[in-house]
Structures are given as structure tokens and as C-alpha cells.
Amino acid sequence: MRRAEVVAGLAGEYARFAALIDGLSPEEWRTATRCTRWEVRDVAGHVTANAVDAVDGVVGARTPDEQARAFRDAAPADLAARLRTAAGSLLPFLESLDDAAWERPVQKVGRSLGNGVHTLWYDAFVHGDDIRAALGRPSDRGPGLLASAGWLRGELDRLGRGPFRLVLDGAGEYAIGAGGPVLRGDPLRFVLVASGRADPAEFGTDATINVHLR
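Residues numbered from 1 in each chain as written. Predicted model: local features only at pLDDT ≥ 70, side-chain atom pairs only at ≥ 80, totals over all residues. Heavy atoms only, no water.

I'd love a proper account of the pairing of strand E5 (residues 182-185), names of residues and values included.
A one-sided burial pattern is seen for E5, the buried positions being Leu 183 and Gly 185 and the unburied ones Val 182 and Arg 184. Sheet topology places strand E3 (residues 164-168) next to E5; four bridges connect them, and they run parallel. Pairing of Arg 165 across the sheet is with Val 182, part of E5. (Buried < 20%, exposed > 50% of the residue type's maximum accessible area, 1.4 Å probe, protein only. Helix = DSSP H or I, 4+ residues; strand = E, 2+ residues; numbered from the N terminus. Pairing = 2+ DSSP bridges.)

Listed below in C-alpha cells is the structure:
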């Protein structure tokens, strides 16, 4: 994806995430999610901490559990405000980057800076869906969905998974490796399967489609 598209997409995703958590009730804030041992407040804390760590230039310094614990006692409105503040600092910096900086490797996380920003977008989208699922709300099928599907395709290719051809409804066909079976389905279900949140049998494959499985 183009640099400007990813930066704008991350901006929109953070705005939607902040709006999602702002105003949640104490009961909603403590609702269990499909993320093991995490309540809604832990998911929100992790996403917010990712933005804060990116501003501070220490992405990867804390584990997701450490990030969640750091903000576990924050109220929904306070955490939403913290995310908006971090995004307000991070996004102008990202917009100022040129193509050379975008492609520069970031050794701490083993990715280019641009891929790292795309990772933040994916992370905010999929965790927003974790919260919506926990609260019985419909999934968001906005731009973050296809951006997340694209990030996951790239991860599968980078990790040498496959081979297979991925055919996503309304989103085209993609080769992961050379040859292999054709896997068809809905983009949202693919995101959930490839992130370890749904049964890989939905796509006629096994757990190796989960990019977080090492």
C-alpha cells in the first residue's frame, strides 16, 4: 500500500478505536474478550500503548501483557484521550517521512518502518474487532479490513507459509508461494482465521495459516 494511504488509514483506525472505547460502561470495560486472559480494558490498553511506544520510539520494548497492565486501571474516557493524544503526535511525524525513510529497516522489530506502521493499523483493526465481538457489536468492514487482510497476506508470504492461492470475496486473488490449493472465503473470516481467532477449517486449511503461530 502507498505510504499516504497507510498513514491516513492508521489515523482513521485510531479515531474509530478511540470512539469505540470512549464512554463504555464499567461492565463493558471489564467484559472478557477472545484474547486469552484479556478483558476489553486490556485490549484497549495494548492498542493505546502501541501508539504511545511508537511516539516514544520504543516499539517492541514492552510485551503486549506489559502494555495492557500499564493502562489497566485507566477509565475508558481517559484511555481514549491518551490514544488521541498519542495519535496527534505520531501522525504528523509519519506524514513528514519520505520514501527512503519509509523503507528503512527498523532493527528492533525486524521490519521496515512502513511495514511497522501497517502493522499498527492491522493491530488496531483486529483488536477493535475483538472488542466489538465481546460486546456483541457488528464488525467494522471499513478500510481497515482490506488493509489487515493485505498485511496478513504479506506475513504469510514472509514466513514462507503455503503454498496456496487465496481468493477473497470482492478482494481479488493472491498467490502465497507457488501452486497449492485454492482457499476461498470472506475477507473478515480470513483476517480472523489468519490471526488465530477462528478455525482454519473455515478456509480448508490447518493452523499454519495463523501468522502468530511460531
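Give me the lowdown on the sheet that holds E3, citing residues and values where you can.
The sheet built from three strands is open, its strands ordered E4-E3-E5 with mixed pairing. Each edge of the open sheet is held by one strand with a lone partner, namely strand E4 (172-176) and E5. This sheet shows a mean twist of 20° between the axes of neighbouring strands, independent of strand direction. (Axes fitted to C-alpha atoms, helices over the stretch in contact; angles between N-to-C directions.)

Please give an account of the nonpolar core that cites residues and values.
Core analysis: the largest hydrophobic core is formed by 40 residues, its most contacted members being Leu 10, Tyr 14, Ile 21, Leu 94 and Ile 131. Of all the secondary-structure elements, those providing two or more residues to this core are helix H1 (3-21), helix H3 (40-56), helix H5 (76-95), helix H6 (99-103) and helix H7 (113-134). Discounting chain neighbours no more than four positions away, the residues touching Ile 21 are Trp 29, Ala 44, Pro 76, Leu 79, Ala 80 and Ile 131. Counting 24 residues, the second-largest nonpolar core is a separate cluster that includes Phe 125, Ile 176, Phe 190 and Leu 192. (Core = buried A, V, L, I, M, F, W, Y, C linked by side-chain atoms within 4.5 Å. Contact = heavy atoms within 4.5 Å.)

Mind laying out the pairing of E3, listing which residues take part and the relevant values?
Where burial is concerned, most of E3 is hidden: four out of the five residues are buried. Bridge count between E3 and E4: five bridges; the pairing is antiparallel. Across the sheet, residue Arg 165 finds its bridge partner in E4, namely Ala 175. Between E3 and E4, which pair antiparallel and follow one another directly, the connecting turn spans three residues, one of which, Gly 170, has a positive phi of 70°.

An account of the pattern of salt bridges is requested, with residue identities and associated values reported.
All told, the structure shown has 17 salt bridges when counted by the stated rule. Here Arg 111 and Glu 155 are joined by a salt bridge, their closest N and O atoms 2.7 Å apart. Of this pair, Arg 111 sits in strand E2 (residues 111-112) while Glu 155 sits in helix H8 (residues 143-158), placing them 44 residues apart in sequence. You can call Arg 111 buried: its relative accessible area is 16%. Classification of Glu 155 by relative accessible area gives buried; the value is 2%. Salt bridges sharing common partners tie together Arg 34, Asp 129, Asp 130 and Arg 197. (Salt bridge = Lys/Arg side-chain N within 4 Å of Asp/Glu carboxyl O.)

Requested: an account of the environment of Ala 194, with residues and values cited.
Tracing the sequence through the fold places Ala 194 in helix H9 (residues 187-194). Looking at Ala 194, the relative accessible area reads 0%, which means it is buried. Between the alpha carbons of Ala 194 and Gly 114 there is a distance of 21 Å; along the sequence they are 80 residues apart. Once residues lying within four places of it in the same chain are set aside, the contact partners of Ala 194 are Leu 152, Ile 209, Asn 210 and Val 211.

With reference to specific residues and values, describe the packing of H3 against H7.
For the pair H3 and H7, the least separation of the axes is 9 Å and the interaxial angle reads 165°. Here H7 runs roughly antiparallel to H3, going by the angle between their axes. The element H3 and its partner H7 pack so that their crossing is left-handed. Every residue of H7 that contacts H3 at Val 40, Val 43, Ala 44, His 46, Val 47, Asn 50 and Ala 54 is listed here: Leu 120, Asp 123, Ala 124, His 127, Ile 131 and Ala 134. The residue makeup of the contact of H3 with H7, split by class, is nine nonpolar, three polar and one charged. (Parallel < 35°, antiparallel > 145°, perpendicular 65-115°, else oblique. Left-handed = near helix turned anticlockwise from the far one by under 90°. Nonpolar A, V, L, I, M, F, W, Y, C, P; charged D, E, K, R; others polar.)

Go over H9 with me, naming the residues and quoting the values.
Burial of H9 is extensive: seven of the eight residues sit out of reach of the surface. By the burial criterion, the buried members of H9 are Pro 187, Leu 188, Phe 190, Val 191, Leu 192, Val 193 and Ala 194. Where H9 is buried, its residues touch H7, H8, E3 and E5. Two or three places before Leu 188, at the start of H9, stands the capping residue Asp 186, its side-chain oxygen 3.0 Å from that residue's backbone nitrogen. (Polar contact = N/O pair within 3.5 Å; in protein donor to acceptor, adjacent residues only side chain to side chain.)

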